[in-house]
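Commentary on secondary and tertiary structure
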2 protein chains.
Amino acid sequence: MTTGASTDFATRLDKTADDTEAVLGRLLADGILPDEIARPKRLMDAMRYSTLGGGKRLRPFLVVESAAVFGVPRDAALLAGAALECIHCYSLIHDDLPSMDNSDLRRGRPTLHKAYDDATAILAGDALLTLAFDIITRDEIHKDATVRLLLTRALARASGIGGMAGGQMLDLAGEGRFGDREPVDVARLQQMKTGALLRYGCIAGALLGQATPQQYKALDDYGRALGEAFQIADDLLDVEGDAAALGKPAGQDAAMGKTTFVTQLGLNGAKQRVSDLLASADSALAIFGAKGDVLRAAARFVAERKS
Amino acid sequence: MTTGASTDFATRLDKTADDTEAVLGRLLADGILPDEIARPKRLMDAMRYSTLGGGKRLRPFLVVESAAVFGVPRDAALLAGAALECIHCYSLIHDDLPSMDNSDLRRGRPTLHKAYDDATAILAGDALLTLAFDIITRDEIHKDATVRLLLTRALARASGIGGMAGGQMLDLAGEGRFGDREPVDVARLQQMKTGALLRYGCIAGALLGQATPQQYKALDDYGRALGEAFQIADDLLDVEGDAAALGKPAGQDAAMGKTTFVTQLGLNGAKQRVSDLLASADSALAIFGAKGDVLRAAARFVAERKS
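Considerations on the packing of helix α2 (residues 41-51) of chain A against helix α6 (residues 118-136) of chain A
Residue and element names in this part refer to chain A. At a closest axis distance of 9 Å, the pairing of α2 and α6 adopts a crossing angle of 75 degrees. Taken together, the axes of α2 and α6 are roughly perpendicular relative to one another. Only Thr 120, Leu 123, Ala 124, Ala 127 and Leu 128 of α6 make contact with α2, whose side of the interface consists of Arg 42, Leu 43, Ala 46, Met 47, Ser 50 and Thr 51. In terms of residue class, the contact of α2 with α6 is made up of seven nonpolar, three polar and one charged.

Quick look at the environment of A:Ile203
Residue and element names in this part refer to chain A. Relative to the helices and strands, Ile 203 is located in helix α9 (residues 186-208). For Ile 203, a count of 25 C-beta atoms within 10 Å puts it in the buried group. Along the chain, Ile 203 and Ala 67 lie 136 residues apart, while their C-alpha atoms are 8.9 Å from each other. Apart from the residues within four sequence positions on either side, Ile 203 is in contact with Ala 154, Tyr 216, Leu 219, Asp 220 and Gly 223.

A look at the nonpolar core
With 192 residues, the main nonpolar core has A:Ala80, A:Ala132, A:Ala229, B:Ala80, B:Ala132, B:Leu155 and B:Ala229 as its most contacted residues. Excluding residues within four positions of it along the chain, A:Ala80 makes contact with A:Val63, A:Ile136, A:Ile141, A:Leu151, A:Ala204 and A:Leu208.

Overview of the interface of chain B and chain A
Taken together, the contacts link 46 residues of chain B with 46 residues of chain A. Elements with a contribution of two residues or more to the side of chain B that touches chain A: α2 (41-51), α6 (118-136), α7 (145-159) and α8 (164-174) of chain B. Among the elements that line the side of chain B that touches chain A, the one with the most residues is α6(B), at eleven residues. Looking at the side of chain B that touches chain A, its residues break down into 26 nonpolar, eleven polar and nine charged.

Some points on the relation of the copies chain B and chain A
If you rotate chain B by 180 degrees and push it 0.0 Å along the axis, it lands on chain A with an RMSD of 0.0 Å. Here the symmetry operator amounts to a two-fold rotation axis. The overlap is high: 100% of the interface residues of chain B also sit at the interface in chain A, so the same surface is used on both sides.

Some thoughts on unusual backbone geometry
In most cases, non-glycine residues show a negative phi, while peptide bonds are predominantly trans. Of note in this structure, A:Arg57 is not a glycine but carries a positive phi near 55 degrees. As for its placement among the helices and strands, A:Arg57 is situated in the loop between α2 and α3 (58-68). Here B:Asn102, not a glycine, exhibits a phi torsion of approximately 55 degrees, which is positive. Looking at the element boundaries, B:Asn102 is found in the loop between α4 (74-96) and β1 (105-106). The class of B:Asn102 is exposed, set by 12 C-beta atoms lying within 10 Å.

Criteria and thresholds
- Residues numbered from 1 in each chain as written.
- Chains lettered and ligands numbered in written order.
- Predicted model: local features only at pLDDT ≥ 70, side-chain atom pairs only at ≥ 80, totals over all residues.
- Axes fitted to C-alpha atoms, helices over the stretch in contact; angles between N-to-C directions.
- Helix = DSSP H or I, 4+ residues; strand = E, 2+ residues; numbered from the N terminus.
- Parallel < 35°, antiparallel > 145°, perpendicular 65-115°, else oblique.
- Contact = placed C-beta atoms within 7 Å.
- Nonpolar A, V, L, I, M, F, W, Y, C, P; charged D, E, K, R; others polar.
- Buried ≥ 20, exposed ≤ 12 C-beta atoms within 10 Å, placed from the backbone.
- Core = buried A, V, L, I, M, F, W, Y, C linked by C-beta atoms within 7 Å.
- Least-squares fit on C-alpha atoms with pLDDT ≥ 70 in both.

Everything listed here is a matter of coordinates, which is why it stays silent on function.
This is the structure we're talking about:
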């Protein structure tokens, strides 16, 4: 990839992050309930605290760029992306709680339960999770109710016991939280915990674009490869990354004795697996020709990122 | 109401409770994800612990009986009712947590976080909330995708910041959890915290039955009256109820200095308000004639219950 292409990609990513921030800002300012019931201010403030104010917005970016392959209107894809981002943000809030990962800082700021309190953090997570399902059903997302219904159900499955929530459970079990450390199948765990939402971003684009079964499968395969590459890159950063760029100390996985892709495959094996996944992602996108270029760049970005 | 009618009603309520238990049992045994991903056993066990094993299943009953007014197939209504019950059960799990209401017992059994642990309870609640949105989108609920979409969105709104989650936040604020006790508008708080899901049960029936706007409004008005009567009855039971029948000590609200319908209206005022609400519920149902009889009995049951 040339520096020019790389700059273009960064600009594109930033633009979607800005647009996502704007959409989330509107969703959390008004429009949740177009009726007489006012929203409790403290809860809304807490939801805004954890949802607004930056982040790469990678998941909405995947929705927007997968949808763009089919010429889907950008505003519709941004709204679906915002629903997905609400799920992501809720998961961070709940994962940070004292009884879960007990994290005090996120992106250099106090986590929600530190800035507010545990009860508010639990409720804000619950309300964001619920809001995602309000957003994803909205008429502006797609004129065809069946499409919105498929988007809704897929979002529930990516987020629930067979997806993200289930993956977090397996992760805690692997840390020995419920007795002896349970054996961990890293690939399966991460397919659920982090992979499912990234993959959803890609299939959401296919659903919005009313893809053919072949196109749907291509984006699903791409999303699965990207999701795994994302997590291996994460595990590699924990070993080789720079604490300043990461915004957190490196070496945390090793200190906790966690099973990761690096402990399972070794450093070189993990790097080789990332290369293989990038090749898979590329080849899955082949049927889209040049229309898949941004998604190709997204996979490389995810695999080679420094934070 | 004659003893005969009352017995009929009790039989009908029990039958729907049994059927709901069976549907939930199936949903939590298999069928969540019809694909290759197995579900983490501990999380599924925790979800089953809090969802199966009894309860009046009042919310599913309201769905089933509101839908029956329109001749909706019972299986479809039971499935929608099960989705609603998942939301109700998740809310109890999260409300019981140490950082929320800190309850050790529910229906005479240890609460989920006591039987398992806080992390599992948070995740089980999250997964049940998410599962509700998986269930409510399913094809078996209604052949028309638009109907399922309306059911889905209404469920999100009843459960979220403008509904149940928001109401719980107002309740905590009223208890002085975030500094000074905040002034409480009991009617508004309870419309959100407990009323929204009961009301949803009634409008879900109307949506399933593709009610006319007038019929929809009738069930919405009925559901609102029933929801408020339910809560006033709850507040009255806390003052006048029998601890053995309640399964918990009476007088808890007063001991905590809570603002309730009884503190706001007085004992007689609260009883009078229940009578007025029953009359409203009856008159809302007038357009359904004899087809509204079971719902009329349901309102009386809710208002006069002893536990």
